[in-house]
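Working through the structure, step by step
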Amino acid sequence: MPHLSPAAGIQGGRGAGGLSVALPLQDAERQIVKARILFALAGAGIMAMVMGTLYYLLRRMVLAPVAHLHGIAGSLSAGNYTARATLTTGDELENLGTAFNTMTDQIISGYQSALKTLAAAVEARDSYTRGHIDRVARYALGIAREMGLPPETVSRVEMAAILHDIGKIGIPDAILRKESSLTPEELEIMQAHSLKGMEIISTSDFFSSVMNAILYHHEFYDGTGYPSGLKGEEIPLVARIITVADSFDAMTTDRPYRRGMPRETALAEIERWKGSQFDPQVVDAFLRGMKRGGLVAKRGTEKA
C-alpha cells in the first residue's frame, strides 16, 4: 500500500513542508512481471490459433490431396488396377489427379493389349483350344462377381484367367497338339506349363499380383493337384476360381482325343467334385451364376 511521509527542510531561512507518495518496489516489479506473462500468454495463444489455422488449410489444400495420390499409387503397385484419384480441390492438384488417372489408364491399356497378344500367341499354337482363354476369363469373372469380391480382386481374376495358360508357349508342339492321350513323361512336361507361366510373367512387376494364381491353378482343394500339393485355403483364392472355370471349359470343349460333355453333365461333374477337387464356395457361386444364366459363354466348341 502507498503511504504518506512528512518531509521538511530549511530553504533560504524559511521552513518548507510537504507529503511524498511511495510504492513498495517489490509490488511494482510483481505487477510488471504479471503483465509480461499475460502478454506472452496472449501472444502464444494468438500464434497457436494462427498456426493451427494455417496447418488446417495446408492439410486440407495440400497434404491431404498429396497423401491421397500417394495412397492411389500404392494401391496400383499392390495390384489394385481399379484404383483412381478422386480429388475435387478445384485447383492444380485436381488437375494433377486427372492427369494421374489418364496416365494410369494408358499404362493399363498398354498392358491389356500385351495380355491379348500373349493369349493369342498361346491359342495360335493349338486350334482345339481356340476361345478357351476368353471363355475361362468370362466364367472366372462371373464367379468373382457372384462371390461379391472387391473390384481389385475381380481385376486380378480377369488377368489371371487371361494368362493362366501362358506357360504353354514353352511346351513342344508334339505334346501340345498330340491327338491321343499323353504318356506319363509327356504329362509331366505338360504339367510344367504352370511353372513356366509364372517364370514368364515374373519379369514384369505389373503381373506380380497374379503369379501365384498362375502357378497354382492346377492345385486341388484336397491337396492332390500340382505342382506343390497345396490344399484348402493354402491355394490362393484367385487360383481356386480359375480351377473351376478352367475345368468346366475343358469338360465342355471338344478335344482331338474326346468329345466335349453336354453342359448339364459337366455341371453335375463340377458339383460332384465339390470339396475334393474344387473349393465348395467357388462351386456354389459358379452353379448359382450358371443357373441364372449369368455365366453362359456360348463360343468356340462349348456344348450347349
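Preceding this paragraph is the structure being described.
This report concerns the structure included in the present document. (Residues numbered from 1 in each chain as written. Predicted model: local features only at pLDDT ≥ 70, side-chain atom pairs only at ≥ 80, totals over all residues. Heavy atoms only, no water.)

When helices and strands are counted, the protein chain shows 11 helices and 2 strands. Counted from the first residue to the last, the protein chain has its helices and strands arranged as β-β-α-α-α-α-α-α-α-α-α-α-α. Looking at the protein chain as a whole, 38% of its 304 residues qualify as buried. For the protein chain, the share of sequence-separated contacts (at least 6 apart) that also reach a separation of at least 24 residues comes to 58%. With the model as given, the accessible surface of the protein chain reaches about 17500 Å², and the carbon-plus-sulfur share is 59%. (Helix = DSSP H or I, 4+ residues; strand = E, 2+ residues; numbered from the N terminus. Buried < 20%, exposed > 50% of the residue type's maximum accessible area, 1.4 Å probe, protein only. Contact = heavy atoms within 4.5 Å. Areas by Shrake-Rupley, 256 points an atom, 1.4 Å probe, with all protein chains shown as cover.)

The terminal C-alpha atoms of helix α9 (residues 237–252), which comprises 16 residues, lie 23 Å apart, in line with the 22 Å expected from a rise of 1.5 Å per residue. Of all 16 residues making up α9, 14 are buried, and the element is well covered by its neighbours. (Expected span 1.5 Å × (residues − 1).)

Right, let's talk about the packing of aromatic side chains for a bit. Using the criterion set out here, one finds 3 aromatic pairs in the structure. Pairing Tyr139 with Phe248 gives two aromatic rings, centres 5.3 Å apart and planes at 90 degrees, and the pair type is edge-to-face. Separated by 109 residues along the polypeptide, Tyr139 in helix α3 (residues 132–146) and Phe248 in helix α9 bring together distant segments of the chain. For the pair formed by Tyr139 and Phe248, the shared burial category is buried. Between Tyr139 and Phe286, the aromatic rings sit 6.2 Å apart at their centres with planes inclined by 85 degrees, giving edge-to-face as the arrangement. Taken together, the positions of Tyr139 in helix α3 and Phe286 in helix α11 (residues 280–292) put the pair 147 residues apart, joining distant regions of the chain. The exposure class of Tyr139 is buried, given its relative accessible area of 0%. (Phe/Tyr/Trp six-rings, centres within 6.5 Å; stacked < 30°, edge-to-face > 60°.)

So, about unusual backbone geometry. Here the residue pair Tyr226 and Pro227 is connected by a cis peptide bond, since its omega of 15 degrees sits within 30 degrees of zero. Looking at the secondary structure, you find Pro227 in the loop between α8 (211–215) and α9.

Tracing the backbone shows Arg263 in helix α10 (residues 263–272). Judged by relative accessible area, which is 14%, Arg263 ranks as buried.

Before going further, it helps to examine the pattern of salt bridges. One pass over the structure, following the stated rule, counts 12 salt bridges. The partner of Glu186 in a salt bridge is Lys178, with the nearest N and O atoms 2.6 Å apart. A salt bridge links Glu269 to Arg272, with the nearest nitrogen and oxygen atoms 3.1 Å apart. Taken together, the positions of Glu269 and Arg272, both in helix α10 and 3 residues apart, correspond to about one turn of that helix. Judged by its relative accessible area of 53%, Arg272 is exposed. Connected through shared salt-bridge partners, Glu146, Arg288 and Arg292 make up one network. (Salt bridge = Lys/Arg side-chain N within 4 Å of Asp/Glu carboxyl O.)

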